[in-house]
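Secondary and tertiary structure notes
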Amino acid sequence: MKPKTAAGRLPALLLLLLLPAAALPLAGCDAGGGLQVTDHGRSAPRAQGPHRLWPERSPAPPEPKGVRRPDGPVRIAGLDVRKGALRDIRPVDVLKADLRPGGAPQSGDRGELGAVLRACEEPEAAGCPVRRAHYRDLTGNGRDELILGVELPGHRLNLRVYTADDGRLLRIMDTTARVIDVQLTERDLIIQSTTSFPGTESRDVWTWFPEQQAMVPRLMETVRSPSEPR
């Protein structure tokens, strides 16, 4: 077999030189350009960070005091709690002390909650709407908090968290929603609930905020329902 001459190797050499140049349009323009060429040959704008639409607009002031939730924990009178002894108190007794007429302020209807609790006069009553209590250190103080859920009409669930501080019983969370699921992870309480938008659900992550001395929703988002096709 005869060896290839220089002339015979020239077409192969030219082909190797031309291949990288042919691929350049697919890679887009240089780093200073504003457009990229997609694999379909159409120009697409580069991704940009968020920018203000109306920077001249004055931002809204903080919510009025009458609209904002009370700052800090709410003390529940009538029950003395020794350090770390929340497990020694019946959850129903905690709720009744919290809902006592003229007692601590409530985020919802005191009368409605009091009415459903009448079914809990007897311990372990079959119709009692209070869910099984859970205990978890949510504040990072080394002591477990008390997490309670109360079923309300309309598939709603009232969620409350209590802590003990120097013999005092404090409520550090109180919220009601049409709940799909409630999860506990580390020191976060995650609430999945329905929304008014079909095919979506709300996912709120409640976390202890030392500045507020209360559980605060640090993340509130609307996500696609798992059963909804993508």
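Before reading on, note that the structure itself is shown above.
Below is a summary of the structure that appears in this document. Everything numeric here is computed off the predicted structure, so don't read it as measured data.

Whenever strands of a sheet pair, they do so through backbone hydrogen bonds, lying parallel or antiparallel. As summarised here, the arrangement of the four strands in space is E8-E9-E10-E11, forming an open sheet in which the pairing is antiparallel. Here the strands that pair on one side only, and so sit at the sheet edges, are strand E8 (179–185) and strand E11 (214–224). For this sheet the average axis-to-axis angle between neighbouring strands, irrespective of direction, equals 20°. As paired elements, E8 and strand E9 (residues 188–194) share six bridges and run antiparallel to each other. Paired with Val-179 across the two strands is Ser-193, which belongs to E9.

Turning our attention to the layout of surface pockets. A probe as big as a water molecule, rolled over the atoms, marks out the empty space that is left. Estimated volume of the second largest pocket: approximately 350 Å³. If you go around the second largest pocket, you meet 18 residues; those closest to its centre are Arg-131, His-134, Leu-157, Leu-159 and Val-182. For the lining of the second largest pocket, the elements supplying multiple residues, two or more each, are strand E5 (145–152), strand E6 (156–165) and E8. Broken down by element, the lining of the second largest pocket gets its largest block of residues, six residues, from E8.

Before going further, it helps to examine the nonpolar core. Ranked by size, the top nonpolar core spans 25 residues in total, and within it Ile-76, Val-94, Leu-95, Val-130, Leu-146, Tyr-162 and Leu-169 carry the most contacts. Here Leu-146 is in contact with Leu-86, Val-94, Ala-133, His-134, Tyr-135, Arg-160, Val-161 and Tyr-162, once residues within four sequence places are set aside. Counting residues in each nonpolar core, the second largest holds 12 residues, with Ile-147, Leu-157, Leu-159 and Leu-189 among its members.

What counts and how
Residues numbered from 1 in each chain as written. Predicted model: local features only at pLDDT ≥ 70, side-chain atom pairs only at ≥ 80, totals over all residues. Heavy atoms only, no water. Pairing = 2+ DSSP bridges. Helix = DSSP H or I, 4+ residues; strand = E, 2+ residues; numbered from the N terminus. Axes fitted to C-alpha atoms, helices over the stretch in contact; angles between N-to-C directions. 1 Å grid on protein atoms, 1.4 Å probe; cavity = no way out; pocket = protein on both sides within 12 Å on 5 of 7 lines; lining within 4 Å. Points joined across faces, edges and corners; volume = space filled by probe spheres on them. Core = buried A, V, L, I, M, F, W, Y, C linked by side-chain atoms within 4.5 Å. Buried < 20%, exposed > 50% of the residue type's maximum accessible area, 1.4 Å probe, protein only. Contact = heavy atoms within 4.5 Å.

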